[in-house]
Amino acid sequence: MKLARFPLPHVTPPSFRRPSCKLCGRFSLRGFVSFCRMIRIEHSIFALPYAWAGAVMAAGGLPPWDKLALLTVAMVGVRSFAMGINRIFDLPFDRENPRTAGRQLVTGEISVRQAWIFSLVMAAIFVGACAAINMVCLILSLPALIFAAVYSLTKRFTAICHFWLGATLGLAPLAGALSVHPESLGLGPIMLFFAVTFWVGAFDIYYSFQDYDFDVAFRLCSVPALHGPDTALAIAGFSHAVTSIFLLLTGLAAGLSWPWYVLWAGVSLILFWEHHLMRPQDLSRVNMVFFTLNGIISPLVLVGVILGVVL
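Model, not experiment: these values are computed from the prediction.

Rules of the game
- Residues numbered from 1 in each chain as written.
- Predicted model: local features only at pLDDT ≥ 70, side-chain atom pairs only at ≥ 80, totals over all residues.
- Heavy atoms only, no water.
- Helix = DSSP H or I, 4+ residues; strand = E, 2+ residues; numbered from the N terminus.
- Buried < 20%, exposed > 50% of the residue type's maximum accessible area, 1.4 Å probe, protein only.
- pLDDT = per-residue confidence, 0-100.
- Contact = heavy atoms within 4.5 Å.
- Salt bridge = Lys/Arg side-chain N within 4 Å of Asp/Glu carboxyl O.
- Expected span 1.5 Å × (residues − 1).
- Bend = angle between axes of the 7 residues up to and from the residue.

Participant: Which residues make up the environment of V121, and what are the values?
Facilitator: In this structure, V121 sits in helix α6 (residues 112-133). Since its relative accessible area comes to 39%, V121 is described here as partly exposed. Along the chain, V121 and F81 lie 40 residues apart, while their C-alpha atoms are 8.0 Å from each other.

So, in structure tokens, the structure goes:
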């Protein structure tokens, strides 16, 4: 199976007036929106429900609201840090890739200096929130930041990059559990860690079909570029099957009741539908697969955990 090739000319980014907000200057709504667009704030829906699910499993019900609030701040902080670092590290490639020519660092809408300041501020917010949660979370905050930052470099040397990203998001349920019970980590959140790792790895492979030609030309190590579209599609399908298995094991390990298994069956059907819709030679539905369907899955998992614990 071959993907349609596209030319890879050097892209001259369009010029933008920089937003008046320079992170250390006066507030600007336009500047705030620019940073939200840079980190794709709407994609927080992928990780946050899993952090809350881990907290619910550890608490055996709804955890204290102050813990949930601090956990939410920490998750937004670390994700924003990771996205900022990713944009900085990937800037040389983003300048050459037609798909990413409109990103804020490429166009100059946000400067590299601003991106660094933003990322470091988000890292500080994350560490501060972890410190306020408990000592275990504080101790683990630095390794978590390093792990998240290293992902941005993995595509340069290994096809495991998709699953490294998955593991980065997979830390969410572990973080949620540790925020409630730092002295122990239940098997349920651990199973959910593996489910999220394979789930994200699969849809990141789908997403990377868009950059197949670019990755081949620049010798980047995405699964499609290294192993071809057919093998990549098979690996993504296998990863979705493994996701379903680990979600089932999550319910068994956490002792969740019957509502979890109903929603688990629904999530498994959505994963199957995703795989049916995704075709490397036809990328017209990639945004539906990547955001719409996956944006449904994580809230369903959270609802399933809550109902499985309280009923």
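We are not done yet, so read on.
Participant: Break down the confidence of the model for the protein for me, citing the residues and quoting the values.
Facilitator: Taken residue by residue, the protein gives an average pLDDT of 88. The fraction at 70 or more is 90%. Here residues 4-20 scores under 50 on pLDDT; set against residues more than four positions off or in separate chains, the count is 39 contacts.

Participant: Account for the pattern of salt bridges, naming residues and giving values.
Facilitator: Here the structure, examined in full by the defined rule, presents 4 salt bridges. Between D211 and R99 there is a salt bridge, with the nearest N and O atoms lying 2.7 Å from each other. Here D211, found in the loop between α9 (187-208) and α10 (212-217), pairs with R99, found in the loop between α4 (91-94) and α5 (104-107); they are 112 residues apart in sequence, far enough to count as distant. With a relative accessible area of 5%, D211 lands in the buried category. A salt bridge links D215 to K155; its shortest N-O distance comes to 3.1 Å. With a gap of 60 residues between them, D215 in helix α10 and K155 in the loop between α7 (135-154) and α8 (161-180) connect regions that are remote in the sequence. Judged by its relative accessible area of 1%, D215 is buried.

Participant: Pulling in residues and values, what's your account of helix α14 (residues 286-310)?
Facilitator: Here α14 contains 25 residues, and its C-alpha end-to-end distance of 36 Å stays within 8% of the 36 Å for a straight helix at 1.5 Å per residue. When the local axis directions of α14 are compared, the greatest deviation, roughly 30°, occurs at N294.

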